Amino acid sequence: MEEERRADRKGGPGHTVLMALALAVPVAKVAYTVGGGDAVRDVFVGMEPANWPDVLLGMVITDPLLGSVLAVVVSRVVFGVFAARGAVPGGRGPAAALRRVALTLVNPLAVGVIDTCLFGPWWGLATALAAYALRAGVVVEYRTGRRRPHRSHGASHDPGYRPPPWLRRAAGAEQVVALLLTVVVLPFLFFLSALDGQAWTSIVECRVTDGTRTADARLIELSRKGDGVVGWNLDAEEVSNGLGCTATESRYVREPWWRT
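All of these numbers come straight from a predicted model, not from anything done at the bench.

A. Seen up close, the packing of helix 4 (residues 53–61) against helix 8 (residues 165–194). One way to put it is that helix 4 packs onto helix 8 with a least axis distance of 11 Å and a crossing angle of 105°. When the axis of helix 4 is compared with that of helix 8, the two are roughly perpendicular. Along the contact surface, helix 4 presents Leu56, Met59 and Val60, while helix 8 presents Phe190, Ser193 and Ala194. For the contact of helix 4 with helix 8, the class distribution of residues is 5 nonpolar, 1 polar and no charged.

B. Structural context of the packing of aromatic side chains. For the structure on display, the rule yields 1 aromatic pair. Above the face of the tyrosine 32 ring, arginine 254 is positioned so that its terminal group lies 4.3 Å from the ring centre.

C. Spotlight on unusual backbone geometry. A positive phi is found at glutamate 48, a non-glycine position, where the angle reads about 70°. Mapped onto the secondary structure, glutamate 48 falls in the loop between helix 3 (38–47) and helix 4. Phi is positive for glutamate 237, close to 55°, though the residue is something other than glycine. With respect to the element layout, glutamate 237 can be found in the loop between strand 3 (228–233) and strand 4 (238–247).

D. Structural detail: the pairing of strand 3. In terms of burial, strand 3 is largely enclosed, as 6 of its 6 residues are buried. Counting the residues between successive antiparallel strands, the hairpin from strand 2 (residues 213–225) to strand 3 contains 2 residues, one of them, glycine 226, with a positive phi of roughly 60°. Of the strand pairs in this sheet, strand 3 and strand 4 are connected by 6 bridges, and their pairing is antiparallel. Following the sheet pairing, glycine 231 is matched in strand 4 by serine 240. The antiparallel hairpin formed by strand 3 and strand 4 contains 4 residues in its connecting segment, where glutamate 237 sits at a positive phi of about 55°.

E. Region of interest: the state of the cysteines. Scanning the model with the defined rule gives 1 disulfide in all. Disulfide partner of cysteine 206: cysteine 245, at an S-S distance of 2.0 Å. In this structure, the disulfide formed by cysteine 206 and cysteine 245 twists by about 120° around the S-S bond and is classed as right-handed. Here cysteine 206, found in strand 1 (residues 203–210), pairs with cysteine 245, found in strand 4; they are 39 residues apart in sequence, far enough to count as distant. According to the relative accessible area criterion, cysteine 245 is partly exposed, its value standing at 27%.

F. Broad picture of the confidence of the model for the protein chain. Averaged over every residue, the pLDDT of the protein chain is 82; residues scoring 70 or more account for 79%. The low-confidence segment residues 150–157, where pLDDT is below 50, has 17 contacts with residues more than four positions distant or belonging to other chains.

G. Region of interest: the pattern of salt bridges. Considering all chains together, one arrives at 6 salt bridges under this definition. Put simply, arginine 41 and aspartate 38 hold a salt bridge, and the shortest N to O gap is 3.4 Å. Placement of the pair is arginine 41 and aspartate 38 together in helix 3, with a separation of 3 residues, close to one helical turn. Three or more residues are tied together by salt bridges with common partners; here these are Asp38, Arg41 and Asp42.

H. Quick peek at the side chain of threonine 33. The topology assignment puts threonine 33 in helix 2 (residues 12–34). Separated by 2.6 Å, the side chain of threonine 33 and the backbone oxygen of lysine 29 make a polar contact. The residues touching threonine 33, leaving out its near neighbours within four places in the chain, are Gln198, Ala199, Trp200, Ile220, Val253 and Arg254.

I. Representation of the side chain of glutamine 198. Along the chain, glutamine 198 falls in the loop between helix 8 and strand 1. Judged by its relative accessible area of 17%, glutamine 198 falls in the buried class. Here arginine 251 takes part through its side chain, which lies 3.1 Å from a polar atom of the side chain of glutamine 198. Glutamine 198 has contacts with Lys29, Thr33, Arg251, Tyr252 and Val253, leaving out every residue within four places of it along the chain.

Conventions we followed
- Residues numbered from 1 in each chain as written.
- Predicted model: local features only at pLDDT ≥ 70, side-chain atom pairs only at ≥ 80, totals over all residues.
- Heavy atoms only, no water.
- Axes fitted to C-alpha atoms, helices over the stretch in contact; angles between N-to-C directions.
- Helix = DSSP H or I, 4+ residues; strand = E, 2+ residues; numbered from the N terminus.
- Parallel < 35°, antiparallel > 145°, perpendicular 65-115°, else oblique.
- Contact = heavy atoms within 4.5 Å.
- Nonpolar A, V, L, I, M, F, W, Y, C, P; charged D, E, K, R; others polar.
- Phe/Tyr/Trp six-rings, centres within 6.5 Å; stacked < 30°, edge-to-face > 60°.
- Lys NZ or Arg CZ within 6 Å of the ring centre and 35° of its normal.
- Buried < 20%, exposed > 50% of the residue type's maximum accessible area, 1.4 Å probe, protein only.
- Pairing = 2+ DSSP bridges.
- Disulfide = S-S within 2.5 Å.
- pLDDT = per-residue confidence, 0-100.
- Salt bridge = Lys/Arg side-chain N within 4 Å of Asp/Glu carboxyl O.
- Polar contact = N/O pair within 3.5 Å; in protein donor to acceptor, adjacent residues only side chain to side chain.

So, in structure tokens, the structure goes:
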């Protein structure tokens, strides 16, 4: 039980997996897209540290399934961290029930709105419902005493609360589903996106000057400099400055890994 409390306070396995993915996946995405080796270093140097998160963000906002699963997992992990600190209100009666519902509902609504704006209403609805179901399972666990907050003054365990057996089974199933989403489905989707051969951001057609020669080239946009673009030159395989850039429709750079 004490190990569970410590894990909850740190975010549990979800926190560890998310941190590992945030570090490893962007590098894998860049490496597969531009070819690895020195190219990876040149791309990250060309992006500058402030733009490095753009790789992860670009992957998430262009893949509806990945973005939705990540939203559900993050919603539950964040709620689990605060619940371990006594954020789930205890007590019985309409007021206590309303507080619990509001606490459980606010974040799923937020991620649902974000998903709706990015991917459409059906993705938003599915994400909000899934996030709410997993967060509700955490509430049941803490209310029944299966998990306990580490602050006694914020204890959410309600000794008089006796949920029906089906609700206890549902809470157990929620744990299994959350674990599978976090340690199996989410890493799989992330690496699937990393190896799909698409750029993480726009590919633009620009005029590139190399010495005295000027030619058109395709660049993966890394950053903006004045009225131009700093990007990875797909033809010359180097970082170049481009002017007069126009967006292209396709973001594909190479074949997906599973087709090579």
